Amino acid sequence: MSGRDGAPGDDPPAGDPADGDPSNGADPAEGEGVDDWDETVAEWESEVDEWEGDPSGDASDADGDAGDGTAADAASDDDVDPAIDRDPDLTPDDADRVPKVVSAGHINWDVTIHVDSLPEPDGETRIDRLEQSGGGSAANVAVGLVDLGGQSVVYGSVGGDESGALALRELASAGVDPGQVLVDADEPTSVKYVIVDGGGELLMLANDGANESFSAAGLDRDTLAAADHLHLTGQQPETAAALATAAAEAGATRSFDPGRRVADREFDAALHASDVLFVNDREADALDAATDVDPWEPDDRVVAIKLGDEGATVRTPHGSVSHPGFDADPVDTTGAGDAFAAGFLAAALREPEITGDGFSHDPRDYQASILVGNACGAVATESVTARTDLSWDRVRERMGESPETDLLIEVRA
């Protein structure tokens, strides 16, 4: 991922309707895009072979030297697994493999204000741009998954006001099913005011409103039973725990992005019921200090740690896989973390060997997932507001800027 991981509310947002609307049942992998992508991959392999000076195309020569001091050189170390996929499959599967995901957590309405610089106390600054859009970590991941060919149901709560109606309308137009969302007439919709300076840094003003009015009991069990996966974001700890337990009983895999309040709330039950955790590096340290979960060396789950402009690392009980991310010129880092989660899940959930029996603990299985997640995170930082078009075309375009992408993947056993 590139750009810092940030977001209004309890963690980062992402996503916007895709150019090729996945809600119409079309598979973005089909058609001429696949042939173009295969040709692009072939060109990359040729360029990499020339760059390495190795006509055999092997990732390391007889000396174990990959050539320029990148993470590929680490393959010669004893503690680095050399079995790195030189050509990770980044093409979405056919329509009959579309993952079905319930994304549960915050649904907000965002007001994004861009300024050249943040004012000092008692100061004033001019607003360069003001945008309003849907936000909230659960809603953003749901939209991102639809953008990348999945099916999403969002579960959360909004107020019975205009902002809530706008948030639900935008989700529906993006192809997300908002039919399970609770409308709390006694509370306002949570509105996040996101102030972004010229360097893409941000600060947030927010009201809690209705975004945690929902409970686990309100989610239709048939909807959960039909899902392949449950993704949890910030919410009441008891709600997260009950939803994760119900999903496990229904046979769905689970992921959890608890957000910046991870150390302040009693999330232990939801954390232990999750197959995959998404945290940034600060949250990982806080989680390590406040709970019995060590994100850096997990013993029974997969942890995807977002490292901002240094990419990401995926830690498993059997090792790790890391990638330094993609260059980006950030204009708004709101939503980068949710974009990463959407990309990671979109890549992982379509692979039965990864998720067929919980999530695999083999770090090599997440080479494509970390690439797609980092590409989506980078795309998100270059877009205004928390919602970004995460189409596969944009993911491929970002990959095309780095022919040596696969060589920068570092797998450690």
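Residues numbered from 1 in each chain as written. Predicted model: local features only at pLDDT ≥ 70, side-chain atom pairs only at ≥ 80, totals over all residues. Heavy atoms only, no water.

1. Considerations on the overall build of the protein chain
Link 1 in the chain: A tally of helices and strands in the protein chain yields 11 helices and 15 strands.
Link 2 in the chain: Counting all 413 residues of the protein chain, 56% fall into the buried class.
Link 3 in the chain: Residue pairs in contact within the protein chain that sit at least 24 positions apart in sequence constitute 73% of those at least 6 positions apart.
Link 4 in the chain: Of the roughly 16,200 Å² that the protein chain leaves accessible, carbon and sulfur atoms contribute 43%. (Helix = DSSP H or I, 4+ residues; strand = E, 2+ residues; numbered from the N terminus. Buried < 20%, exposed > 50% of the residue type's maximum accessible area, 1.4 Å probe, protein only. Contact = heavy atoms within 4.5 Å. Areas by Shrake-Rupley, 256 points an atom, 1.4 Å probe, with all protein chains shown as cover.)

2. Comments concerning unusual backbone geometry
Link 1 in the chain: Of note in the backbone geometry, D122 takes a positive phi value of approximately 70 degrees without being a glycine.
Link 2 in the chain: Along the chain, D122 turns up in the loop between β2 (108-115) and β3 (127-135).
Link 3 in the chain: Note on D122: relative accessible area 86%, which makes it exposed.

3. So, the sheet that holds strand β7 (residues 191-196)
Link 1 in the chain: Across the sheet, 4 strands lie side by side as β3-β2-β7-β8; this open sheet has mixed pairing. Of all the strands in the sheet, just β3 and β8 (202-206) have a single pairing partner and so form its edges. If you compare each strand with its neighbour and ignore which way they point, the axes differ by 20 degrees on average.
Link 2 in the chain: Sheet analysis places β2 next to β7, joined by 6 bridges and oriented parallel. From the neighbouring strand, V111 faces β7, where its bridge partner is Y193.
Link 3 in the chain: Across the sheet, helix α3 (residues 162-173) touches β2, β3 and β7, and the angle it forms with β2 is around 95 degrees. (Pairing = 2+ DSSP bridges. Axes fitted to C-alpha atoms, helices over the stretch in contact; angles between N-to-C directions.)

Remember that the coordinates give geometry; whether it matters functionally is a separate question.
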